[in-house]
Amino acid sequence: MTSLICGSLAYDVIMQFPGRFSESLLADQLHKISVSFLVPTMRREFGGCAGNIAYNLKLLGGDPQIMATVGHDAGDYLERLDQQGISRRSVRTIESIYTAQCFITTDADNNQINAFHPGAMTYSHENKVADAGPVKLAIVAPDGRDGMLQHAEDCATQGIPLIFDPGQGMPMFNGDELKHFIELATYIAVNDYEAEMLASRTGLSLQQIAERVSALVVTRGELGAEIFTSNSKIDIPCVKAERVLDPTGCGDAFRAGILYGLTNGMDWATTGRLSSLLGSIKIAHLGPQNHAPSRAEIDDQFQREFGYRL
C-alpha cells in the first residue's frame, strides 16, 4: 500500500500581517511596487508539499514514502520523519546547499504572498522512481522542474498510477509540457486558480482535461471541491472548520485524503469527503504539520459530518 510522494521538503517561515494586502497596494502603481508589511508574529515550521502530504497520510494510517532532496541543514527534519515512522529511504541530502525554504506572509483575509528559495530541491531529478521499491500509487507534487518531469516519466515507465499536482510549480512549464504531464497522469489535483491556469496554458477545457485522465479534482476553498470523471461530476461539500487560523498546507492535507482513498478502494464521494475533512482539521491549526488527531477521532468526526463510517 506504499504511496510514493515526490515533492519538496522545506522549512516554512510563516508571518502574519494583521491588515489586508489590498489596502497597501495601489492598482495604478503595481508597475513600481515598494511595499513593506509589518509582521508581528513569525514561526519556522516543517513544511514542503511532500512533507505535508506524508504527515497527513500517516495520520490516516497510510504508508507514505517521501522522494525529495534536502540540504545540509535538514538534520532536525530527517530526525522528525524517523520519529513519525515516515520512510525517507528516497530522501537524498545535498551537502553543499540549503534545504528549500518558503517565506509566507498571510493577511487578515487569509490571502498569501510567498517567496520561495528552492535550494536542494533543484537536484530532485537525481532521485529515480525505480530505486524506490514497490509502490502502489505516486504523486508528483511541486518540486524542482527537472525532478517533476523525470518522476512523472519514471512513473509511466514503471506502470505506477500517478497523481499530477502541479501547484505552485505550474508556471515553470509551458503548454506542451503540461499536456505531456496530462498524458502521463492517471489523476490530476489542482485548486480553482490552478485549474484555470492549466486550461489556459494547454488550450484544453476542464472537461477535455477530465476526459484524458481517470479523474480531475478541483478544490474551491470554502465552496468545497469538484471531482470530474469521464462521465460524471461529484460535488464535495466544504467541512466547516472549528476555527480558521492558517490555510498553509490545507491543499496538501486534501491530497493526502485522495492518496488514502485511492489506495484503500474508496469511492470518489467518500474520498473527496475525507479529503475535505482533513483540510478543515488542518486549517484550524497554525502551521502545516501541527494538527495531530488520532485515527479514531478522524473516523468519529467523519461520521458526525457525513452520517456514515469510513
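Okay, so let's go over this structure. Predicted, not measured: the structure shown is a model, and the values here were computed from it.

### Digging into the overall build of the protein chain
Helix and strand counts for the protein chain stand at nine helices and 13 strands. Taken over the C-alpha trace, the protein chain has a radius of gyration of 19 Å; the compact-globule value for 310 residues is 19 Å, and the two agree within 12%. Structurally, the protein chain occupies a C-alpha span of about 50 × 50 × 45 Å along its principal axes. The 310 residues of the protein chain split such that 53% are buried. Considering only residue pairs separated by 6 or more positions, the protein chain has 69% of its internal contacts joining residues 24 or more positions apart. Taken as a whole, the protein chain presents about 13,600 Å² of accessible surface, with 50% of it coming from carbon and sulfur. If the 25 positive side-chain charges of the protein chain are averaged to one point and the 37 negative ones to another, these points end up 3 Å apart.

### Points about the sheet that holds strand β12 (residues 225–228)
In spatial order, the strands read β5-β4-β1-β8-β9-β10-β11-β12-β13; together these nine strands make up an open sheet with mixed pairing. In this open sheet, the two edge strands, each paired with only one partner strand, are β5 (87–94) and β13 (233–236). Neighbour-to-neighbour, the strand axes of this sheet turn through a mean angle of 15°, independent of strand direction. In the sheet, strand β11 (residues 215–219) pairs with β12 via four bridges, with the strands oriented antiparallel. Counterpart to V218 in the pairing with β12 is E226. Seen against the sheet, helix α2 (residues 75–84) touches β4 (63–71) and β5 and runs at an angle of roughly 175° to β5. Against the sheet, helix α5 (residues 192–202) engages β10 (187–191) and β11, with an angle of about 115° to β10.

### Topic: the pairing of strand β6 (residues 100–106)
The element β6 is extensively covered by neighbouring structure, given that six of its seven residues are classed as buried. When strand β2 (residues 10–16) meets β6, the two strands line up parallel, connected through seven bridges. Bridging across to β6, V13 finds its partner in F103. Hairpin connection from β6 to strand β7 (residues 112–117): five residues lie between these consecutive antiparallel strands, with N110 at a positive phi of about 65°.

### Let's talk about the environment of H285
Within the secondary structure layout, H285 lies in the loop between α8 (268–283) and α9 (295–306). Owing to a relative accessible area of 24%, H285 belongs among the partly exposed residues under this scheme. Counting along the chain gives 150 residues from H285 to V135, while the straight-line C-alpha distance between them is 31 Å. Leaving out residues up to four positions away in the same chain, H285 has contacts with R243, L245, D246, N290 and H291. Only 2.9 Å separates the side chain of H285 from the backbone oxygen of I281, close enough to count as a polar contact.

### Points about the sheet that holds β6
Sheets are built from strands that pair by backbone hydrogen bonding, the pairs being arranged parallel or antiparallel. Across the sheet, four strands lie side by side as β3-β2-β6-β7; this open sheet has mixed pairing. Whereas interior strands pair on both sides, the edge strands pair on one side only; in this sheet they are β3 (41–47) and β7. For this sheet, the mean angle separating the axes of adjacent strands, direction not counted, is 20°. With respect to the sheet, α2 is in contact with β2 and β3, its orientation differing from that of β3 by roughly 55°.

### Digging into the nonpolar core
Counting residues in hydrophobic clusters, the biggest one holds 44 residues, and the most contacted among them are I5, L9, I66, I163 and L259. Looking at which element gives the most residues to this core, the answer is helix α7 (residues 250–263), with six residues. Residue contacts for L259: discarding those within four places in its chain leaves S3, I5, I53, L57, L137, I139 and I163. One finds V135, C155, I188 and V213 within the second-largest nonpolar core, a separate group that totals 34 residues.

### A short note on the packing of aromatic side chains
Across all of its chains, the model carries eleven aromatic pairs by this definition. Ring centres 5.8 Å apart and planes at 65° place the aromatic pair Y187 and W268 in the edge-to-face group. Of this pair, Y187 sits in strand β10 while W268 sits in helix α8, and the two are 81 residues apart along the sequence. Across this residue pair, the class does not change: Y187 and W268 are buried. Ring centres of F302 and Y308 lie 5.2 Å apart, and the angle between their planes is 90°; on these two criteria the pair is classed as edge-to-face. Of the residues examined, F302 reaches a relative accessible area of 0% and is grouped as buried.

Quick notes on the rules
Residues numbered from 1 in each chain as written. Predicted model: local features only at pLDDT ≥ 70, side-chain atom pairs only at ≥ 80, totals over all residues. Heavy atoms only, no water. Helix = DSSP H or I, 4+ residues; strand = E, 2+ residues; numbered from the N terminus. Rg over C-alpha atoms; globule rule 2.2 N^0.38 Å. Buried < 20%, exposed > 50% of the residue type's maximum accessible area, 1.4 Å probe, protein only. Contact = heavy atoms within 4.5 Å. Areas by Shrake-Rupley, 256 points an atom, 1.4 Å probe, with all protein chains shown as cover. Lys, Arg positive; Asp, Glu negative; His and termini not counted. Charge placed at Lys NZ, Arg CZ, Asp CG, Glu CD. Pairing = 2+ DSSP bridges. Axes fitted to C-alpha atoms, helices over the stretch in contact; angles between N-to-C directions. Polar contact = N/O pair within 3.5 Å; in protein donor to acceptor, adjacent residues only side chain to side chain. Core = buried A, V, L, I, M, F, W, Y, C linked by side-chain atoms within 4.5 Å. Phe/Tyr/Trp six-rings, centres within 6.5 Å; stacked < 30°, edge-to-face > 60°.

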